[in-house]
Amino acid sequence: MTARRSLLELIGYGVVGLPLAALGLPLVVYLPAYYAELPGLGTAAVGAMLFIARVFDVVTDPLIGWASDHTTTPLGRRKPWLLAGMPVLLLGGWFLFNPTQDAGALWLLGWSLLAYLGWTMISLPYTAMAAELSADYDARSRITAFREGFFVLGTLIAIMLPALIQRSGGSEGDGLRALALFLVISLPLAMLVFMRLVSEPHYATKPVMHFRQGLRLMAGNVAFRRLLIAYLMNGAANGLPAALFIFFVMYVLGADQATAGLLLAIYFVSAVAGLPLWLKLGANWSKHRLWCASMLWACAVFIWAPMLGTGDIIWFGLICVLSGLCLGVDQAIPASIQADVIDEDTVGGGDQRAGLYFGLWGMATKLAFALSVGIAFPLLELAGFVLGMDNSPDSLSALAFLYGGLPVLIKLGVVVLMWNFPLDRKRHAEVQRQLLQVD
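About the thresholds
Residues numbered from 1 in each chain as written. Predicted model: local features only at pLDDT ≥ 70, side-chain atom pairs only at ≥ 80, totals over all residues. Heavy atoms only, no water. Helix = DSSP H or I, 4+ residues; strand = E, 2+ residues; numbered from the N terminus. Contact = heavy atoms within 4.5 Å. Polar contact = N/O pair within 3.5 Å; in protein donor to acceptor, adjacent residues only side chain to side chain. Axes fitted to C-alpha atoms, helices over the stretch in contact; angles between N-to-C directions. Parallel < 35°, antiparallel > 145°, perpendicular 65-115°, else oblique. Left-handed = near helix turned anticlockwise from the far one by under 90°. Nonpolar A, V, L, I, M, F, W, Y, C, P; charged D, E, K, R; others polar. Disulfide = S-S within 2.5 Å. Buried < 20%, exposed > 50% of the residue type's maximum accessible area, 1.4 Å probe, protein only. Salt bridge = Lys/Arg side-chain N within 4 Å of Asp/Glu carboxyl O. Phe/Tyr/Trp six-rings, centres within 6.5 Å; stacked < 30°, edge-to-face > 60°.

Before going further, it helps to spend a moment on the environment of Arg289. On the secondary structure map, Arg289 appears in helix α12 (residues 287–302). Those residues within four positions of Arg289 in sequence are excluded, and the remaining contacts are Trp419 and Asn420. Here the side chain of Arg289 touches Asn420 through a polar contact of 3.2 Å, side chain to side chain.

Quick look at the structure:
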């Protein structure tokens, strides 16, 4: 493995994250509401179809991860999957973001399944490749930082596009079509840059381990188990405010959707600005301590959100700025730790199975979001919260707690779990020496 990658290679690798962001938060924010208003659908049907698509998506993660580990072509293990996934994602994404007026449940389900499949075919081998581009402890953080930085930038663009279209007199449908065009234009361009600038690493071994034997090795990897639990918990903590953001801004703060879009933009601009600052601050720290520090900062800021009320837009904007500073590092550093955990597996005979590991982490990410939605919406209904109605102070307090209080408690639990994480900077250096002996 190459220890360090040039700036051009880092940009070439990271830029693929820009178009992939179109199927992240923007899809959650804009797509369900638009489909729910179509004549052949409603809120319940939309929720059911997207849930089924997500379940399918969770199942495909470890399968595609495992398959990419076992792919042998002149282009390498990972690149063929990105090329194969691109037309699948473009086709599914185009029709998903461009529904006809008579589109029903099967339209939403079918194109969602195809778009999610294409997204997974690209994103899983792509993220696994980050663990293989460098064996250096700090270089891996730079690689994941470029990827997450571009992903956050892509999220900002994809969030703002529909909002700008609607402000200029366009409809919600026009906004979704703008997202489709963003995906169709940016993905092929990003893929071209990636293919030209990024060379796939040489693999010292070809995976030959039996699947069941590999699972037993994973089960014995203490660092993997601990990180997976922490990753699942942190994903749920991040998923709660993501799922409830619009509700909090509109019903607790009393603002409109345009203001919510502006606040999201502020949040993501802060995320782009904060990532290099955190990496510079933690240059000589062990990664898990840097991650814990960022989560403690986020908790110290976000704990004030449930105390806000009608008209507190400026104060919430400040919370968006200060908490947004942590978003990039909260995504990049765990991914970098994942790469180090895979080294432990390889030393134990795991045959460089980054794809399978990242497939399991992909499952955790999607399950975490599903878990957060599964927690939030039933509890909101139990508290008497109803969309489009004047809600009681108790129901709004429940919304505020689920948005800002519960995520803080969960993140504090992650800090406790990760503070004494066994794979620190010193242990990773020992693992690397053992890997050199294996090679």
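Here the narrative resumes, following the displayed structure.
Running from N to C, helix α7 (residues 137–167) and helix α11 (residues 257–281) cross one another at 165°; their axes reach a closest spacing of 10 Å. Considered as vectors, α7 and α11 are oriented roughly antiparallel to each other. Like other packed secondary-structure pairs, α7 and α11 cross with a definite hand, here left-handed. Facing Ser141, Ala145, Gly149, Val152, Leu153, Thr155, Leu156, Ile159, Met160 and Arg167 of α7, the residues of α11 in contact are Ala258, Gly261, Leu264, Ala265, Phe268, Val269, Ala271, Val272, Leu275 and Leu279. Taken together, the residues of the contact of α7 with α11 sort by class into 15 nonpolar, four polar and one charged.

Throughout this description, disulfide means a covalent bond between two cysteine sulfur atoms. For the structure shown, the criterion picks out zero disulfides. Cys299 takes part in no disulfide bond, and the closest cysteine sulfur, belonging to Cys326, lies 9.1 Å away. Here Cys299 falls in the buried class, since its relative accessible area comes to 6%.

Next up on the list: the pattern of salt bridges. Inspection of every chain in the model, using the stated rule, returns seven salt bridges. Between Glu132 and Arg78 there is a salt bridge whose closest N-O contact spans 2.5 Å. A residue pair is termed long-range when its members are at least 10 positions apart, and Glu132 in helix α6 (residues 105–132) and Arg78 in the loop between α4 (43–69) and α5 (79–97) qualify at 54 residues. Residue classification places Arg78 among the buried residues on the basis of a relative accessible area of 0%. Among the salt bridges present, the one from Arg147 reaches Glu148, with a minimum N-O distance of 3.2 Å.

Further remarks concern the packing of aromatic side chains. Tallied over the full model, the rule gives 14 aromatic pairs. For the pair Tyr13 and Phe194, a centre-to-centre distance of 6.4 Å together with 50° between the ring planes defines the contact as tilted. Of the two residues, Tyr13 sits in helix α1 (residues 7–14) while Phe194 sits in helix α8 (residues 172–197), which places them 181 residues apart along the sequence. Across the pair, Phe194 and Tyr13 agree in class, each one buried. When the centroid spacing of 5.3 Å and the interplanar angle of 45° are considered together, the rings of Phe248 and Phe316 count as tilted. Remark: Phe316 occurs in helix α13 (residues 313–324) and Phe248 occurs in helix α10 (residues 222–252); sequence separation between them is 68 residues. Here Phe248 and Phe316 have matching classes, each one buried.

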